[in-house]
Amino acid sequence: MNKESTFAMMYMKGKVIIGIFLLGLINNLLHAQISPPGLGDANTAFWSAFGVKRQLDSLGKKQSLSYIALGRKSSPDNYNPVSKQAIVVLNHEIYHSFAPNQQYSYAVSYRRQPKYESSAPYEKEATEQEFRIYGRYAYIFSLGKRWKLKNTVRQEFRKFFDADFRKTEENFQLRTRVKSQLTYNLSKKNNQKLALSAEGLFSAGYLNEPEQKWTPFGYREMRIGAYYMFSIPHSPFSADIGYVNDLIRGSRSVKKGGVHYLALDLIWNLPFRK
């Protein structure tokens, strides 16, 4: 075998090895479920999202996720998770895996959320709009071949308006979210995974009413989740099916064990293209 043939074989083997490495890296990044937001005081809730995830570079280190999502919830006096409209969300986020086991992201988001009366028959009384920007940092620990622990800190700025872009009771809010997620690789077939997570939310807000002042920074919610994640065979889609328990400080629902969510996400994964 001459030198040219040997070089060609080594080049082809190198491409195959790099391709396998990138495929594995991309598969690890595909399964980042779209976590449901807080939908307010309720007994049960339903969250569904459709997202488009795009690889932004050939190394698989940069990607974007854009999604639209709908949330519905029960009234305080029933357990129908689709009884009332809860929220509409538009979100766009950019991720960058800038170092081994480390990732940051930044995002912009728009949310439209009905507000309901606190007493029966719980009719709609207003609509609140929210514009949000946030940044996130994550560190991932590999715990053997099948387990991974991902710890995340997320800082948000939230600005509120009513339906006509007038002032609301709360002007804006600064919120910090701390989350740990443990993921177990069930099977390489269809990239099946299980994930358990716990997230604490802490915030301080600036009020317009009854007087202009800051609220104290403190604990507001705890969200506990369990997800099954998988790739849909022979397609560019992946899906997540999950349960989330939202424990809202001082709410009626927390006395009943929190708000119980069913969550379904569908993500269309697009490869990098020059």
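In what follows, the accompanying structure is described. (Residues numbered from 1 in each chain as written. Predicted model: local features only at pLDDT ≥ 70, side-chain atom pairs only at ≥ 80, totals over all residues. Heavy atoms only, no water.)

**With respect to the packing of aromatic side chains**
Threshold: Pairing of aromatic side chains requires ring centres within 6.5 Å, counting the rings of Phe and Tyr and the six-membered ring of Trp. Pairs whose planes differ by under 30 degrees are stacked, by over 60 edge-to-face, and all others tilted. Put simply, DSSP marks the helices as runs of H or I at least four residues long and the strands as runs of E at least two long, and each gets a number from the N terminus on. The criterion is that NZ of a Lys, or CZ of an Arg, lies within 6 Å of the ring centre and within 35 degrees of the ring normal, and then a charge sits over that ring.
Summed over the entire model, instances satisfying the criterion amount to 16 aromatic pairs. Where F161 meets F165, the ring centres are 5.8 Å apart and the plane angle is 55°; that geometry is what we call tilted. Pairing F172 with W214 gives two aromatic rings, centres 5.4 Å apart and planes at 80°, and the pair type is edge-to-face. Of this pair, F172 sits in strand β7 (residues 170-187) while W214 sits in strand β9 (residues 213-214); the two residues are 42 residues apart in sequence, bridging distant segments of the chain. Over the face of the ring belonging to Y134 we find R154, whose NZ or CZ atom lies 3.7 Å from the ring centre.

**Quick look at the pattern of salt bridges**
Heads up, the condition is: Counted as salt bridges are all cases of a side-chain nitrogen of Lys or Arg within 4 Å of a carboxyl oxygen of Asp or Glu. Per-residue accessibility, obtained with a 1.4 Å probe over protein chains only, is compared with the maximum for each type, and a residue is labelled buried under 20%, exposed over 50%, and partly exposed between these values.
As enumerated under the stated definition, the model contains 14 salt bridges in all. The partner of E130 in a salt bridge is R132, and the shortest N-O contact between them spans 2.7 Å. Given the relative accessible area of 4%, E130 is considered buried. In this structure, D164 engages R166 in a salt bridge whose closest nitrogen and oxygen atoms are separated by 3.3 Å. Residue classification places D164 among the exposed residues on the basis of a relative accessible area of 52%. Connected through salt bridges with shared partners, the residues E130, R132, R154, E156, R158, R175, R177 and E199 form a single ionic network.

**Describing the side chain of R175**
Here is the rule: The term polar contact refers here to a pair of N or O atoms within 3.5 Å; inside protein, the definition further demands a hydrogen-donor-capable atom paired with an acceptor-capable atom, and it admits residues adjacent in sequence only when both atoms are side-chain atoms. Here, two residues are considered to be in contact whenever any of their heavy atoms come within 4.5 Å of each other.
Tracing the chain through its elements places R175 in strand β7. Relative accessible area serves as the criterion here: at 6%, R175 is assigned to the buried category. Side chain to side chain, R175 and E156 meet in a polar contact 2.8 Å long. The contact partners of R175, leaving out residues within four places of it in the chain, are R132, R154, Q155, E156, R158, L201, F202, S203, E221 and R223.

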